[in-house]
Each structure stands twice: as structure tokens, then as C-alpha cells.
Amino acid sequence: MSKLDECKKFYTDSGIEIERCYPPVAASNEQPGVYPFTRGVHPDMYRSKLWTMRQYAGFSTAEESNKRYHYLLNNGTTGLSVAFDLPTQMGYDSDHDLSEGEVGKSGVAIDTLRDMEILFDGIKMENISTSMTINSTASTLLGMYIALARKQGADIKKISGTIQNDILKEYAARGTYIYPPEPSMRIITDIFEYCSKEVPKWNTISISGYHIREAGSTAVQELAFTLANGREYCRAAQKKGLDINVFAKRLSFFFNAHNNLFEEVAKFRAARRMWAKITKDLGATEAQAQMLRFHTQTAGSTLTAQQPYNNIIRVTIQALSAVMGGTQSLHTNGFDEALALPTEEAARLALRTQQVIAYESGVPDTVDPLAGSYFIETLTNQVEKAAWEYLDKIEKMGGAVKALEKSYIQNEIAASAFEYQDKIEKEEKIIVGVNKFAVEEKMPENLLRVDDSIRQFQIDKLKKVKAERDQEKVKACLLRLESEAKSDTNLMPAIVDACENYVSLGEISDTFRRVFGMYKG
């Protein structure tokens, strides 16, 4: 052994030591499409159907976002992924005092069904799969989507898509919660129950590790905390009397694709194997209820404002990890997103990155292409083992909600984020163009900025809707919402009815605030 080998060690971003060379490992008999799905949830994977190519988009007004959606669809996007602004995520209309300075900034502003009508103008809802990144107000945005589908004359049993609807990670990593955990979990299980009967092709939750990773977790923590939350949702649904063989088929996951290529592939492979075991232990007997299906987004936190064109390479590596790891759906970030919202050029290039991988690289031509690699098989086992250790700790605390109440998950993420940044500061972790290979550079031109004037545009539109709607129906809808929130009645029919009558998102959220209270953290 050389002196270099003796003194220098290599680790994944989760702290798993990487050996110089891996010895042969026993061949696995696992096959794609069968339990435990380590190698993929479908026997042929991308040989029969490519992953859905989504581009996360939403900014300013519904009018502007609608233009971007048509642009993306015309350039080959196969699924829409909607970003909502912060007031919409927090249950405030654009005219609320707390909305000032935030309307349309981080996503599209949606106040009423009128905005949703404009957002999807010219888009047939039966013909497109729509993912909506929304959590506390997921029930209301889903209600608007269903109301619009009905207005279009669509069969709502045929519309497909996903709402994120993952409130537990909001308490841990992101912060756009409104209500306390108990009523929040009640709303989520109401959605599970309603959709299983009325909108059976809809994925009722996208259990998100993405934001956990963006907050600073390691790959192992992202996996463990996400699956812990997933297990908690399953148990809540079972407590409500729902059949895991029914609702688990409509659960999906949302993972981050980070820079460490092989660790990310191992993470995705381990995730499927672990979830199959978790659902089986919870009583799932049907294969579709044991499958972990997931959407992936390339890592926003890895994008740098310095030398932004370097981000194109980062996104390509991350996208490759998602495809080699077997994702069902993928969003690739624009190279300029550390500076502003992505321009049309950046969004198109991000989409082209997926298309080149799909049609030119040969990567999708075989299932689980890295399977059998001594390194990948060993690393998959190591990631799984480390994640189970976290899950076991959380289980001993009483589950994910209890672990959140004790701030265990939050503290683990914070400690990892500090350690990662400390390594960058000490140059133990190299970020090209930031702490090494820096150059003097000018700010890129033609960045996409959202003007504050659009708030007044939204307020004027909201006033017009409120003046034209049937006030008696609005009053009846709000009284029904309040009454049913105080009972154990499923809330979704009342929410859909309110949306159809142009009750605003803020009015619905305020009704629930009065009944459920607000979570202070």
C-alpha cells in the first residue's frame, strides 16, 4: 500500500468511506418489476416508456405562466409541474397584507378558480399530467383543479397528476405550514379517501425528500427521513380505516438528485427496496402498493451564482443519476436559477439535457445499467443500512411526528448543513468556481425578474371576481366548510364546491385557521 493510500481517505457526501477498489460481491437474483424492486418498478423500465419530462414552472401571473406552459409543451415537455408563489402556499390571497412583496415571485399567484382557468387556458386536462408543488393548501388547489376539469367537461376519473401534499417535511425543513400537525394530517387523509373514489388516477401525495436535502441533509438522511414520513402517512390512513392496498398505489415520492453520482444512484435503488419492506410490514400484499414511484429534481442548492454555465454540467450529472437510478419523472433546473427565475432559453436547455440523455446517450436502453457494479451494489447496501439506523431511532421515539416534536429531525439536518458548509469554507469540499478556480465575471444579462406591480394586477382581478360571484352561494360554502371542519366529515366535497363557486383560497384557509388554529413551530 502506498503512503498516499495510508493517509488519504475518500467518503461519499453521507460520510460512507469509499474503498480504493471493491472486491466481487455475490450476484443478486433480484429482477426489475418484482419485489423488492431494487432494480426498478417496471420490468422493461425506459425500454417501453421513457420517464415523464417535466419542467417546474410558474411565475408572476396565471397569464404569464400559461405562456410558459405552452412554450414548454411545444418544445417536448410531457408533463406540467406548477410552482406557486409564497402567499398561495401559505393560504393568503394577493390582497392580504402579508402578501406584499411576494406575489408572483417564487411561483404563480392563484387566488380563485378564475386564475386556474387562465393558467390552463388552451390545455386539455385529460391530455396532460400535472404536478403541483403545494402542501398546506394542497386540498384547495386540488379542489380548483377538479372544478376546472369539470368545467372543461373532462371525466375527473381520467385526470392524472400529483399534489405534493407532504406537510411533515414542512415542519422539518421548509416552513410553509399553516395548521398544527393533527388537523393537517386529517386533511391529508381526507384527500386520500376522496381521491381513491372520485379521482382514482391522481397521486394524492408526493412524499418529499427534495426539500429535506435542500435544507442541508445528507443523502442517507434524505432517504431515512422521507421514508419515515411516508410510513407515518400510511399509518394515519390505516387509522382512518383506509386499505393500504388501495391508497398506497397512489403514493409517490420526490427526491433530490445531487452531485455525488454513485451515491445518488445507490440512494434511489435502496429507497425502492426499503419502501417495499415498509409497506409489506404494514400489510400491503399487492405489488403496486409496495412499489416506490418517484419524481426527481436536480439539486437547486448546488447551483452557483458564480460561473453559472458550470451549472449545466452539474445538472447533467444529476439528471444522469436520476435516470440510472430509475426515476419515473424528472425536472432539470435552469443554469441561471441561482440568479433569477429561469429564462425561456435556460428552461429549453434544461429540457434538452433530458432529451439528449433519453435519445442519444444509450443510458435508458437497458434496465438498471449500474447493477452488478461491485461499488454500486456495496454502496446500495451501505446506504440502506445507514438509513435503517435512522428509521429505527425514529421508530423508538414514536414515529416521525414525535421525532419532529422533539426537533430530532430538524437538528440532524442542521448539523449536516453546518458540516457541509464548514468543509466548503475549509476547502475540504471543492465547489468549482466558488472556492477554487474562481474568475472575475460580469452579471449575466436578460435575467427574468418579476415586477412588484403584478400584485395590483392580481388584486384588481380578485376584486372583479368577488364582485361578480354569487354572494349567497359563497356564504353557504363558507358556513359548510366551517361546520364540516368541526366534524369528522371528509372536507374535500365542500372544498371542491367552494372552489366551483369562486370562494378564494384565502377565504377557505381563513375558515380552517379559525377552526384548527395556526402552528407556531
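It should be noted that the structure appears before, not after, this text.
Procedures and definitions
- Residues numbered from 1 in each chain as written.
- Predicted model: local features only at pLDDT ≥ 70, side-chain atom pairs only at ≥ 80, totals over all residues.
- Heavy atoms only, no water.
- Helix = DSSP H or I, 4+ residues; strand = E, 2+ residues; numbered from the N terminus.
- Buried < 20%, exposed > 50% of the residue type's maximum accessible area, 1.4 Å probe, protein only.
- Contact = heavy atoms within 4.5 Å.
- Areas by Shrake-Rupley, 256 points an atom, 1.4 Å probe, with all protein chains shown as cover.
- Lys, Arg positive; Asp, Glu negative; His and termini not counted.
- Charge placed at Lys NZ, Arg CZ, Asp CG, Glu CD.
- Axes fitted to C-alpha atoms, helices over the stretch in contact; angles between N-to-C directions.
- Left-handed = near helix turned anticlockwise from the far one by under 90°.
- Nonpolar A, V, L, I, M, F, W, Y, C, P; charged D, E, K, R; others polar.
- Pairing = 2+ DSSP bridges.
- Expected span 1.5 Å × (residues − 1).
- Disulfide = S-S within 2.5 Å.
- 1 Å grid on protein atoms, 1.4 Å probe; cavity = no way out; pocket = protein on both sides within 12 Å on 5 of 7 lines; lining within 4 Å.
- Points joined across faces, edges and corners; volume = space filled by probe spheres on them.

Topic: the overall build of the chain
Here is step 1 of the chain: Within the chain one finds 21 helices and 11 strands.
Here is step 2 of the chain: Taking the principal axes of its C-alpha atoms as reference, the chain extends roughly 80 × 55 × 45 Å.
Here is step 3 of the chain: Within the chain, the proportion of its 521 residues that are buried is 58%.
Here is step 4 of the chain: Look at the contacts in the chain between residues 6 or more apart in sequence, and 78% of them connect residues 24 or more apart.
Here is step 5 of the chain: A total accessible area of about 21,900 Å² is found for the chain, and carbon and sulfur atoms account for 51% of it.
Here is step 6 of the chain: Taking the average place of the 63 positive charges on the side chains of the chain and the average place of its 70 negative ones, the gap between the two points comes to 3 Å.

Observations concerning the packing of helix α19 (residues 471-485) against helix α21 (residues 505-516)
Here is step 1 of the chain: Between α19 and α21, the least distance of the axes is 9 Å, while the angle of their chain directions is 30 degrees. Our pair here, α19 against α21, has a crossing hand that is right-handed. Note on element contacts: α21 touches α19 through Glu507, Ile508, Thr511, Phe512, Arg514, Val515 and Phe516, opposite Leu478, Leu481, Glu482 and Ala485.
Here is step 2 of the chain: Its residues placed into classes, the contact of α19 with α21 shows seven nonpolar, one polar and three charged.

Quick notes on the pairing of strand β9 (residues 251-257)
Here is step 1 of the chain: Along β9, seven of the seven residues are buried, which leaves the element largely enclosed by surrounding structure.
Here is step 2 of the chain: Neither face of β9 is open: one carries Leu251, Phe253, Phe255 and Ala257, the other Ser252, Phe254 and Asn256, and all of them are buried.
Here is step 3 of the chain: Pairing geometry for strand β8 (residues 205-208) and β9, over four bridges, is parallel. Among the inter-strand pairings, Ile207 is bridged to a residue of β9, identified as Phe253.

Some points on helix α2 (residues 62-74)
Here is step 1 of the chain: Look at α2: 18 Å from first C-alpha to last across 13 residues, which is about the 18 Å you get at 1.5 Å a residue.
Here is step 2 of the chain: Of all the positions in α2, only Ala62, Ser65, Asn66, Arg68, Tyr69, Tyr71 and Leu72 are classed as buried.
Here is step 3 of the chain: Buried residues belonging to α2 abut β3 (52-57), β4 (79-83), α4 (113-119) and α14 (344-359).
Here is step 4 of the chain: The positive-phi residue at the C-terminal boundary of α2 is Gly76, with phi of around 110 degrees.

Here's the deal with unusual backbone geometry
Leave glycine aside and you will find that most residues have negative phi; peptide bonds, for their part, are mostly trans.
Here is step 1 of the chain: Along the chain, Tyr35 connects to Pro36 via a cis peptide bond; the corresponding omega equals 5 degrees.
Here is step 2 of the chain: Position of Pro36 relative to the elements: it lies in the loop between β2 (17-18) and β3.
Here is step 3 of the chain: For Asn165, which is not glycine, the phi dihedral falls at a positive 60 degrees.
Here is step 4 of the chain: In this structure, Asn165 sits in the loop between β6 (160-163) and α6 (168-174).
Here is step 5 of the chain: Given a relative accessible area of 2%, Asn165 falls into the buried group.

Here we look at the side chain of Thr279
Here is step 1 of the chain: Structurally, the position occupied by Thr279 is in helix α11 (residues 261-281).
Here is step 2 of the chain: Given the relative accessible area of 0%, Thr279 is considered buried.

A look at the state of the cysteines
A disulfide bridge is the covalent bond that connects two cysteines by way of their sulfur atoms.
Here is step 1 of the chain: Within this structure, the stated rule accounts for zero disulfides.
Here is step 2 of the chain: Cys499 provides the cysteine sulfur closest to Cys195, a residue in no disulfide bond, and the two sulfurs are 13 Å apart.

Section: the layout of surface pockets
Here is step 1 of the chain: In this model, the largest pocket occupies a volume close to 1,200 Å³.
Here is step 2 of the chain: Taken together, 46 residues line the largest pocket, and the ones lying closest to its centre are Asp13, Tyr420, Lys423, Lys429 and Ile431.
Here is step 3 of the chain: For the lining of the largest pocket, the secondary structure elements donating two or more residues are β1 (10-11), α8 (210-214), α9 (219-239), α13 (310-324), α15 (374-397) and α17 (408-425).
Here is step 4 of the chain: The leading source of residues in the lining of the largest pocket is α17, at seven residues.
Here is step 5 of the chain: Looking at the second largest pocket, its volume works out to about 980 Å³.
Here is step 6 of the chain: Lining of the second largest pocket is provided by 38 residues; of these, Lys49, Thr52, Asn203, Arg293 and Gln328 occupy positions nearest its centre.
Here is step 7 of the chain: Only β3, β5 (129-133), β6, β9 and β10 (294-298) provide two or more residues apiece to the lining of the second largest pocket.
Here is step 8 of the chain: Across the lining of the second largest pocket, the residue classes tally to 11 nonpolar, 21 polar and six charged.

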